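# Summary of structural features
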Amino acid sequence: MPHPHILIASPASARENNGNWQTASRWQRFLRAGHRVRIAPGWQDGDPVPDLLIALHARRSAPALAAFRAAHPEKPTLLVLTGTDLYRDIHEDDTARASLELADALVVLQPDGLAQLTAAQRARARVIYQSAPRLRPYRGRRDHADIAMVGHLRPEKDPQTFMRSALQVASPAVRLLHIGAALDPALADAARATALATPRYRWLGALPHLPARRRLRRCHAMVIASRMEGGANVIIEAVTSGVPVLASQVGGNVGMLGEDYAGYFPAGDARALASLIERSVLDPRFYARLRRQCAARTRLFAPAAERAAVLDLVDNLLLYR
């Protein structure tokens, strides 16, 4: 019997190398053993017909999902919901809301995402944490306490809070390193202006995935300042490298790190972030607490766990729809 054909419709590309693309490429690897899997920007009538369509992003993949459902209502569909889906689009965009109803199954990347859905939608939804291979924590000498922010310069990631905090941190050991491409020209201008205003802040631009992760591994801590997040893979990459996270207290981050995590700051509050950075550097007991709490989450982010959950869901859709 031929292997089932699965299409992952991802509006993101390898060139963008964002969270959606990382999810698509990782799921492709997980599914290759027993399925024929390809990634494409979308699907339209006349394209090869897969046995299962996996759509990433409710709004951006809405045309592909609607076209596939109309042409092949007998075939199963799975929708993976992103942060902009959960915390913005499904509450105000009709096409995103329609996608929720067209999909046979929904995936959210952390448990707070379920709270954004109706009871009927939650009945079709499953939480699947993303994953990353563990890296041995860095034990070498550090001349600086580097604090990394890894994410492209776009408003949802709120890089300006990170930039403003660089002007308020006083500890001479601290450097703030920003890794990410300039997707917003105004934010690129702000990054350059911040770098001129203080040598403490360095914008490193876009880096390939593996060099970025290696750079992150050598850091004292990582900041995620986002206004909205669906389940940031960069949190996983920090935690599985032994790097504590300083996170904006928004639903997607709390779903990843837990309600009782000690390393939160109010979203958009640069002064609070600067204080949290200082405390992580100057208070060894606090820093050790962050590391323990992050280490306790690593089991959730194991590749074997994500792979098993993805295979179970996909096989059930193919067999029982």
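## Notes on the overall build of the chain
A tally of helices and strands in the chain yields 13 helices and 12 strands. In terms of overall size, the chain behaves like a compact globule, its C-alpha atoms giving a radius of gyration of 20 Å where 321 residues would be expected to give roughly 20 Å. Structurally, the chain occupies a C-alpha span of about 60 × 35 × 35 Å along its principal axes. Taking all 321 residues of the chain together, the buried fraction comes to 54%. Averaged over its 43 positive side-chain charges, the chain has a centre that lies 10 Å from the centre of its 29 negative ones.

## Quick look at the nonpolar core
Judged by nonpolar contacts, the single largest core of 50 residues is most densely connected at Met 222, Ile 235, Val 245, Leu 257 and Ile 277. Looking at this core, the element that brings in the most residues is helix H9 (residues 233–239), giving 5 residues. If near-sequence neighbours (up to four positions away) are discounted, Val 245 is found in contact with Met 222, Ile 224, Ile 235, Ala 238, Val 239, Leu 257, Tyr 261, Gly 263 and Cys 294. Within the second largest apolar cluster, 21 residues are counted, among which are Ile 6, Ala 24, Leu 78 and Ala 105.

## Section: unusual backbone geometry
Phi is positive for His 57, which is not a glycine, with a value near 90 degrees. Assignment of secondary structure puts His 57 in the loop between strand S3 (52–56) and helix H2 (62–71). With a phi close to 50 degrees, Asp 158 is a non-glycine residue in the positive phi region. As for its placement among the helices and strands, Asp 158 is situated in the loop between strand S7 (145–150) and helix H6 (159–166).

## Focus: the pairing of strand S9 (residues 201–205)
Bridge count for strand S8 (residues 174–179) against S9 is 4 bridges, and the pairing is parallel. Within S9, the position partnered with Leu 176 by the bridge is Tyr 201.

## Structural notes on the pattern of salt bridges
Scanning the model with the defined rule gives 15 salt bridges in all. Here Lys 157 makes a salt bridge to Glu 229, at a shortest N to O gap of 2.5 Å. One end of the pair, Lys 157, is in the loop between S7 and H6; the other, Glu 229, is in the loop between strand S10 (221–224) and H9, and 72 residues separate them in sequence. A residue is classified by how much of its surface remains accessible, and Lys 157, at 17% relative accessible area, is buried. A relative accessible area of 6% means that Glu 229 is categorised as buried. Here Arg 192 makes a salt bridge to Asp 189, at a shortest N to O gap of 2.8 Å. Separated by 3 residues within a single helix, Arg 192 and Asp 189 lie in helix H7 (residues 185–197), roughly one turn from each other. Residue classification places Asp 189 among the partly exposed residues on the basis of a relative accessible area of 46%.

## Observations regarding the sheet that holds strand S1 (residues 5–9)
Taken in spatial order, the 6 strands of this open sheet run S2-S1-S3-S4-S5-S6, and their pairing is parallel. Strand pairing shows two members of the sheet lacking a second neighbour, strand S2 (36–40) and strand S6 (125–127), which therefore form its edges. The mean inter-strand angle of the sheet, taken between neighbouring strand axes irrespective of direction, is 20 degrees. Relative to S2, S1 is paired through 5 bridges, and the arrangement is parallel. Across the sheet, the residue bridging to Ile 8 is Ile 39, located in S2.

## Structural notes on the state of the cysteines
What the rule picks out here adds up to 0 disulfides. There is no disulfide at Cys 219, and the cysteine sulfur nearest it, in Cys 294, is 14 Å away.

## Side note on H2
What H2 keeps buried is the set Ala 62, Ala 64, Leu 65, Phe 68 and Arg 69. End-on, the buried residues of H2 take up no more than an arc of 165 degrees, which puts them together on one face. Exposed positions of H2 whose direction lies more than 90 degrees from the buried face are Pro 63 and Ala 70. The inward-facing, buried residues of H2 contact S3, strand S4 (77–80) and helix H4 (94–102).

## Points about the packing of aromatic side chains
Summed over all chains, the structure comprises 4 aromatic pairs. Residues Trp 43 and Phe 68 carry aromatic rings whose centres are separated by 5.2 Å and whose planes lie at 85 degrees to one another, so their mutual orientation is edge-to-face. Within this pair, whereas Trp 43 is found in the loop between S2 and S3, its partner Phe 68 is found in helix H2, the two being separated by 25 residues in sequence. Take Trp 43 and Phe 68: they sit in the same class, and that class is buried. When the centroid spacing of 6.2 Å and the interplanar angle of 65 degrees are considered together, the rings of Phe 162 and Tyr 201 count as edge-to-face. On the criterion of sequence distance, the pair formed by Phe 162 in helix H6 and Tyr 201 in strand S9 is long-range, its members being 39 residues apart. Take Phe 162 and Tyr 201: they sit in the same class, and that class is buried. The ring of Phe 286 has Arg 279 lying over it, and the distance from NZ or CZ to the ring centre is 3.9 Å.

Thresholds applied
Residues numbered from 1 in each chain as written. Predicted model: local features only at pLDDT ≥ 70, side-chain atom pairs only at ≥ 80, totals over all residues. Heavy atoms only, no water. Helix = DSSP H or I, 4+ residues; strand = E, 2+ residues; numbered from the N terminus. Rg over C-alpha atoms; globule rule 2.2 N^0.38 Å. Buried < 20%, exposed > 50% of the residue type's maximum accessible area, 1.4 Å probe, protein only. Lys, Arg positive; Asp, Glu negative; His and termini not counted. Charge placed at Lys NZ, Arg CZ, Asp CG, Glu CD. Core = buried A, V, L, I, M, F, W, Y, C linked by side-chain atoms within 4.5 Å. Contact = heavy atoms within 4.5 Å. Pairing = 2+ DSSP bridges. Salt bridge = Lys/Arg side-chain N within 4 Å of Asp/Glu carboxyl O. Axes fitted to C-alpha atoms, helices over the stretch in contact; angles between N-to-C directions. Disulfide = S-S within 2.5 Å. Arc of directions from axis to C-beta. Phe/Tyr/Trp six-rings, centres within 6.5 Å; stacked < 30°, edge-to-face > 60°. Lys NZ or Arg CZ within 6 Å of the ring centre and 35° of its normal.

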